[in-house]
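# An overview of the molecular structure
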Amino acid sequence: MEAPAAPHDAADLRLTVTSAEQMRELGRELATLLRAGDLVMLSGELGAGKTTLTRGLGEGLGVRGAVTSPTFVIARVHPSLTDGPPLVHVDAYRLSGGLDEMEDLDLDVSLPDSVVVVEWGEGKVEELTEDRLHITLHRAVGDTTDEVRHVTLTPVGERWGAVDLGVLAA
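Attention in this report is confined to the structure presented alongside it. (Residues numbered from 1 in each chain as written. Predicted model: local features only at pLDDT ≥ 70, side-chain atom pairs only at ≥ 80, totals over all residues. Heavy atoms only, no water.)

### Observations concerning the side chain of Lys 50
Mapped onto the elements of the fold, Lys 50 is located in helix H2 (residues 50-61). Buried Lys 50, no salt bridge; nearest opposite-charge side chain is Glu 119, N-O distance 4.9 Å. There is a polar contact of 3.0 Å between the side chain of Lys 50 and the backbone oxygen of Gly 44. With residues up to four places along the chain from it excluded, the contact list for Lys 50 reads Leu 42, Ser 43, Gly 44, Glu 45, Glu 119, Trp 120 and Leu 137. (Helix = DSSP H or I, 4+ residues; strand = E, 2+ residues; numbered from the N terminus. Buried < 20%, exposed > 50% of the residue type's maximum accessible area, 1.4 Å probe, protein only. Lys, Arg positive; Asp, Glu negative; His and termini not counted. Salt bridge = Lys/Arg side-chain N within 4 Å of Asp/Glu carboxyl O. Polar contact = N/O pair within 3.5 Å; in protein donor to acceptor, adjacent residues only side chain to side chain. Contact = heavy atoms within 4.5 Å.)

### Section: the environment of Asp 83
With respect to the secondary-structure elements, Asp 83 resides in the loop between strand E3 (75-78) and strand E4 (87-91). Overall, Asp 83 belongs to the exposed group, its relative accessible area being 85%. Put simply, Asp 83 and Leu 61 are 22 residues apart on the chain and 9.5 Å apart in space, counted from C-alpha to C-alpha.

### Concerning the packing of helix H1 (residues 20-31) against H2
Put simply, H1 and H2 touch, their axes get as near as 7 Å, and they point 45° apart. When the axis of H1 is compared with that of H2, the two are oblique. The two elements H1 and H2 meet at a crossing, and its hand is right-handed. Within the contact between the two elements, H1 uses Ala 20, Met 23, Arg 24, Leu 26, Gly 27, Arg 28, Leu 30 and Ala 31 and H2 uses Thr 52, Leu 53, Arg 55, Gly 56, Leu 57, Glu 59, Gly 60 and Leu 61. In terms of residue class, the contact of H1 with H2 is built from 8 nonpolar, 4 polar and 4 charged. (Axes fitted to C-alpha atoms, helices over the stretch in contact; angles between N-to-C directions. Parallel < 35°, antiparallel > 145°, perpendicular 65-115°, else oblique. Left-handed = near helix turned anticlockwise from the far one by under 90°. Nonpolar A, V, L, I, M, F, W, Y, C, P; charged D, E, K, R; others polar.)

### Observations regarding the sheet that holds E3
Read from one edge of the open sheet, 7 strands run E1-E7-E6-E2-E5-E4-E3, paired in mixed fashion. Of all the strands in the sheet, the pair left with one neighbour each is strand E1 (13-17) and E3. Taking each pair of neighbouring strands and ignoring which way they run, the sheet shows an average axis angle of 20°. Pairing of E1 with strand E7 (residues 149-156), which is carried by 5 bridges, proceeds in the antiparallel orientation. Paired with Leu 13 across the bridge in E7 is Leu 153. Its contacts with the sheet place H1 against E1, strand E6 (132-139) and E7, and it is angled at close to 145° to E1. Packing against the sheet, H2 makes contact with strand E2 (39-44), E4, strand E5 (115-119) and E6, and its axis sits at approximately 170° to E5. (Pairing = 2+ DSSP bridges.)

### Some points on the environment of Leu 153
Structurally, the position occupied by Leu 153 is in strand E7. Spatially, the C-alpha atom of Leu 153 lies 5.6 Å from that of Asp 12, the residues being 141 residues apart in sequence. Ignoring anything within four residues of it in the chain, the contact list for Leu 153 reads Ala 11, Asp 12, Leu 13, Leu 15, Leu 133, His 134, Ile 135, Leu 165 and Leu 168.

This is the structure in structure tokens:
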């Protein structure tokens, strides 16, 4: 992974990832910065690597069960195999409403004790907490085998403003 010389915003971190294994490694490294109560929002095109990144987060957090896309079940809880927080993995792609529809998932109850990762959560989960990490993944679209992904991590709120995301670029 490499960071460009001058990110567009001092608070954002931009990375280039060139393989699925690098995306998983980014997830494993990011997991070392996470704690119970953290909300991570993932955005990006289909196939951009959101679930692959979450798989790495699960590995880094030491949770039980294979992390797969919860598209059809909407949410999966992966309990910790260590003394860490469980991982709640949500795919909000099929949910058209905002926080009202998300309330059925009881994320507000899960959030204080878990790490909650929401794919496709824009406009749906921001009201859960003032502190969140928004990760945007971009890939080339169309008929391509290009595995290059551009990842932008945007910290939101006091909690994430205090985290040195630069350690992920090392």
